[in-house]
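Listed below, chain by chain, are the residues.
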Amino acid sequence: MDPIDRKLLNLIQRDASRTNVDMADEVGLSPSSCLRRLQRLRKSGMIERIVAILNPAKAGRAIKALVTVELKLHGDQHMRRFLDIASAEEAVSHAYAVTGETDVVLMLRLHDMEEFDRLCDRIFRDQNNVARYFTMIIIRAAKEETAIRI
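Residues numbered from 1 in each chain as written. Predicted model: local features only at pLDDT ≥ 70, side-chain atom pairs only at ≥ 80, totals over all residues. Heavy atoms only, no water.

### Section: the side chain of Thr 68
Position of Thr 68 relative to the elements: it lies in strand E1 (residues 63-71). Residue Thr 68 is classed as buried on the basis of its relative accessible area of 17%. (Helix = DSSP H or I, 4+ residues; strand = E, 2+ residues; numbered from the N terminus. Buried < 20%, exposed > 50% of the residue type's maximum accessible area, 1.4 Å probe, protein only.)

Quick look at the structure:
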């Protein structure tokens, strides 16, 4: 990967709707050379996918919460089972197995607190191996970045 690839990756992360001609002009390439580079970056897996980022409030999911989960039983099988249950929930946007005292961290995008209450009933029940969970409602985001600086 050279400096031009890095510039292209930074450009496409900020706004993937830009035309190939626009990006080529900005990095100093012909449109055909720019297109070949982008295709190579996609084929190599460096560009995993291209998505649209929605405004959560306008999409009806204005409440954002982080939930840390401690499991009763540990081990890969128990972790995978819980992550599968959590990942199947619409409101769960991110689910991570983590190190430390906490076993799982979930990021939620919720319609309202009633949705959160119903989700708690479904995934934090006794048969889902949850010892305890702690919820943090996000009141203000200081930074939410999707781009990875290259």
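### Quick look at the packing of aromatic side chains
The final tally for this structure, using the stated rule, is one aromatic pair. Between Phe 124 and Tyr 133, the aromatic rings sit 4.0 Å apart at their centres with planes inclined by 20°, giving stacked as the arrangement. A residue is classified by how much of its surface remains accessible, and Phe 124, at 9% relative accessible area, is buried. A relative accessible area of 31% means that Tyr 133 is categorised as partly exposed. (Phe/Tyr/Trp six-rings, centres within 6.5 Å; stacked < 30°, edge-to-face > 60°.)

### Some remarks on unusual backbone geometry
Positioned with a positive phi, Asn 129 is a non-glycine residue whose angle comes to about 70°. Under the relative-accessibility criterion, Asn 129 is labelled buried at 8%.

### Let's talk about the packing of helix H1 (residues 3-14) against helix H3 (residues 31-44)
Here H1 crosses H3 at 80°, and the two axes come no closer than 11 Å. One way to sum up the angle between H1 and H3 is to call them roughly perpendicular. Between H1 and H3, the contacting residues are Ile 4, Asp 5, Leu 8, Leu 9 and Ile 12 on the first element and Cys 34, Arg 37, Leu 38, Arg 40, Leu 41 and Arg 42 on the second. Residues of the contact of H1 with H3, tallied by class, amount to seven nonpolar, no polar and four charged. (Axes fitted to C-alpha atoms, helices over the stretch in contact; angles between N-to-C directions. Parallel < 35°, antiparallel > 145°, perpendicular 65-115°, else oblique. Contact = heavy atoms within 4.5 Å. Nonpolar A, V, L, I, M, F, W, Y, C, P; charged D, E, K, R; others polar.)

### A few points about the sheet that holds strand E3 (residues 104-110)
The strand order E2-E3-E1-E4 describes an open sheet built from four strands, whose pairing is antiparallel. What marks the edges here is a single partner per strand, and that holds for strand E2 (92-97) and strand E4 (130-137). In this sheet, adjacent strand axes meet at a mean angle of 15° when their direction is disregarded. Looking at chain direction, E1 and E3 are connected through seven bridges and run antiparallel. (Pairing = 2+ DSSP bridges.)

### A short note on a nonpolar patch on the surface
Together, Met 1, Met 46, Ile 148 and Ile 150 make up an exposed nonpolar region whose accessible area comes to about 380 Å². Tracing the backbone shows Met 1 in the segment before H1. (Patch = residues over 30% accessible without salt bridge, like charges linked within 9 Å, V, L, I, M, F, W, Y side chains within 5 Å. Areas by Shrake-Rupley, 256 points an atom, 1.4 Å probe, with all protein chains shown as cover. Salt bridge = Lys/Arg side-chain N within 4 Å of Asp/Glu carboxyl O.)

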